[in-house]
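Residue-level listing of the chains:
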Amino acid sequence: MSERGKISTSPIAVTDDEILALGFEMIGISAKVLKGRSALIKFFRENENELPHVVFINERVAEEISDYREDLLRRGKVKPVFAIVPDLEGSRGVRLRELSSLLARALGTEELVF
């Protein structure tokens, strides 16, 4: 986070997997490896006003910071957009469950079948 101007304009990746971080770095996206909920929440809270418009996170990280992401929305923050990518072990279905829940709430039902 040392280059303040650069972080807010370029997407970053925050992951808990070194190999996935390396993949992002190979395509030119700066990556940060953080393990554990407390380290992730601390990072996002401390850098909240400097985060770029797009932050790539893997599904495990998405699960760890789901409360934080919901809190951002409740506070009316539209930035950053969290782009959730599958874990290297394969998709855990996190984003599909989130979208299903949002659709169910929008439609006023508890159950959606795909």
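Residues numbered from 1 in each chain as written. Predicted model: local features only at pLDDT ≥ 70, side-chain atom pairs only at ≥ 80, totals over all residues. Heavy atoms only, no water.

**Student:** Tell me about the overall build of the protein, and name the residues and values.
**Tutor:** From N to C terminus, the protein includes six helices and four strands. Sequence-ordered secondary structure for the protein, helices as α and strands as β, is α-β-α-β-α-β-α-α-β-α. Here the protein holds 114 residues, and the buried ones make up 34% of them. Taking all contacts inside the protein whose residues are at least 6 apart in sequence as the whole, residues at least 24 apart take part in 63%. Counting only carbon and sulfur atoms, one obtains 56% of the accessible surface of the protein, whose full area is about 7200 Å². (Helix = DSSP H or I, 4+ residues; strand = E, 2+ residues; numbered from the N terminus. Buried < 20%, exposed > 50% of the residue type's maximum accessible area, 1.4 Å probe, protein only. Contact = heavy atoms within 4.5 Å. Areas by Shrake-Rupley, 256 points an atom, 1.4 Å probe, with all protein chains shown as cover.)

**Student:** Got a sec to walk through the sheet that holds strand β4 (residues 81-85)? Specific residues and values, please.
**Tutor:** Strand order in the open sheet formed by four strands is β2-β1-β3-β4, with parallel pairing between adjacent strands. Bordering the open sheet on either side are β2 (30-33) and β4, each of which pairs with just one other strand. Ignoring strand direction, the axes of neighbouring strands in this sheet form an average angle of 25°. For strand β1 (residues 12-15) and β2, the ladder comprises four bridges, and the chain directions are parallel. Counted as the bridge partner of valine 14 is lysine 32 from β2. The strands touched by helix α3 (residues 37-46) are β1, β2, β3 (54-58) and β4; relative to β1, the strand with the most contacts, the crossing angle is about 155°. (Pairing = 2+ DSSP bridges. Axes fitted to C-alpha atoms, helices over the stretch in contact; angles between N-to-C directions.)

**Student:** Which residues make up helix α5 (residues 66-74), and what values do they have?
**Tutor:** Restricting attention to buried positions, one finds in α5 the residues Tyr68, Arg69 and Leu72. Viewed along the axis of α5, the buried residues span an arc of 100°, placing them on a single side of the element. With respect to the buried face of α5, the exposed residues turned more than 90 degrees away are Leu73 and Arg74. Downstream of α5 by a residue or two, glycine 76 has a phi angle that is positive, lying close to 80°. (Arc of directions from axis to C-beta.)

**Student:** An account of the environment of arginine 60 is requested, with residue identities and associated values reported.
**Tutor:** Looking at where arginine 60 falls in the secondary structure, it is placed in helix α4 (residues 59-64). For arginine 60, a relative accessible area of 22% puts it in the partly exposed group. Sequence separation between arginine 60 and serine 91 is 31 residues, and the spatial gap between their C-alpha atoms is 9.9 Å. A polar side-chain atom of arginine 60 sits 2.9 Å from a polar atom in the side chain of aspartate 16. (Polar contact = N/O pair within 3.5 Å; in protein donor to acceptor, adjacent residues only side chain to side chain.)

**Student:** Can you explain a nonpolar patch on the surface? Please cite residues and give values.
**Tutor:** A surface patch of nonpolar side chains, amounting to about 380 Å² of accessible area, comprises Leu22, Met26 and Ile27. The residue methionine 26 is located in helix α2 (residues 18-26) in this model. Look at methionine 26 and you get exposed, because its relative accessible area is 67%. (Patch = residues over 30% accessible without salt bridge, like charges linked within 9 Å, V, L, I, M, F, W, Y side chains within 5 Å. Salt bridge = Lys/Arg side-chain N within 4 Å of Asp/Glu carboxyl O.)

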